[in-house]
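So the chains spell out like this:
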Amino acid sequence: MVGANKFVNTVSTRGQIRTQGKRATDFGPWGGSITFDSETRWHFGQTTSGLASNELDFLSVATHEIFHLLGFGSSHSWSHYVDAHNAVFTGPASLAQFDQLEEILLHVGANGEPDLSHWAESVQDNNNSVSMAAKLRKGSRVLPTELDFAGLADVGWEVRQDSRIHGTVWVDVDGNGQRGNQDLGIEYWTVFLDSNGN
């Protein structure tokens with residue numbers, strides 16, 4: 001049938017161009033799936049309160065696997081920036097975010113075989129553990145860092161880099177949830193997003 005291959009390619013890549021082959025620069029998955037081991041001791045809490053040293057944090061693992069579903073380490077556009085011989089990643093967004101070397105090391109297994117779909121265990125982002133390392137320690141929550149999001153940008157996703165928390169801490173005298181003239185600001189407080197849950 002004429003046009004059948006074009007239709008299948010369009011559907012399988014959600015109409016995104018440059019998603020296939022060695023020169024791919026974009027990713028458009030048709031879908032995917034993730035399964036979780038029911039025998040694993042999971043922590044399902046919204047915070048790390050109660051996260052035991054023998055539990056895996058479900059939020060950390062699920063987020064990590066969703067990144068793979070979005071093409072991190074699993075797409076042609078990811079492979080476009082992988083130097084398999086040296087086990088390094090050279091994506092421009094990731095390199096712009098990375099604060100350690102001029103190339104980002106990828107994970108190499110105990111058998112010496114490179115795992116080209118994860119950052120190396122030594123990779124950190126602003127002294128924080130990265131979500132997309134090959135192993136997650138039990139008893140810890142590791143959420144995506146700016147470097148992890150930069151990896152998605154290199155795959156072809158549009159990632160907002162201007163997210164931030166800002167404002168004033170104040171006493172809500174009348175308890176209405178809105179700052180009024182009588183609600184005075186509190187000095188010397190710092191507000192931040194505790195992305196690694198520590």
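The following refers to the structure shown. Here the structure is a predicted model, which means the values were calculated and not measured. (Residues numbered from 1 in each chain as written. Predicted model: local features only at pLDDT ≥ 70, side-chain atom pairs only at ≥ 80, totals over all residues. Heavy atoms only, no water.)

**Some thoughts on the sheet that holds strand β4 (residues 88-89)**
Where strands meet in a sheet, backbone hydrogen bonds hold them as pairs that are either parallel or antiparallel.
Alright, step 1. An order of β3-β4-β5-β6 is seen for the 4 strands of this open sheet, with the pairing classed as antiparallel. Edge positions in the sheet fall to β3 (82-83) and β6 (114-119), since each of these pairs with one other strand and no more.
Alright, step 2. Relative to β6, strand β5 (residues 104-108) runs antiparallel, the two being bridged by 3 bridges. Looking at β6, one finds that L106 is bridged to W119. (Pairing = 2+ DSSP bridges. Helix = DSSP H or I, 4+ residues; strand = E, 2+ residues; numbered from the N terminus.)

**Digging into the packing of aromatic side chains**
Alright, step 1. Following the criterion strictly, the structure yields 12 aromatic pairs and no others.
Alright, step 2. Ring geometry for W42 versus F58: centroids 5.4 Å apart, planes at 85°, classification edge-to-face. Linking W42 in strand β1 (residues 42-43) with F58 in helix α2 (residues 58-69), this pair joins segments that are 16 residues apart in sequence.
Alright, step 3. Look at F44 and F58: their rings are 5.0 Å apart centre to centre, the planes differ by 45°, and that puts the pair in the tilted class. Here F58 lies in helix α2 and F44 lies in the loop between β1 and β2 (56-57), a separation of 14 residues in the sequence.
Alright, step 4. A residue is classified by how much of its surface remains accessible, and F58, at 26% relative accessible area, is partly exposed.
Alright, step 5. One aromatic cluster is present, built from ring pairs that chain together F67, F72, W78, Y81, F89, W119 and F149. (Phe/Tyr/Trp six-rings, centres within 6.5 Å; stacked < 30°, edge-to-face > 60°. Buried < 20%, exposed > 50% of the residue type's maximum accessible area, 1.4 Å probe, protein only.)

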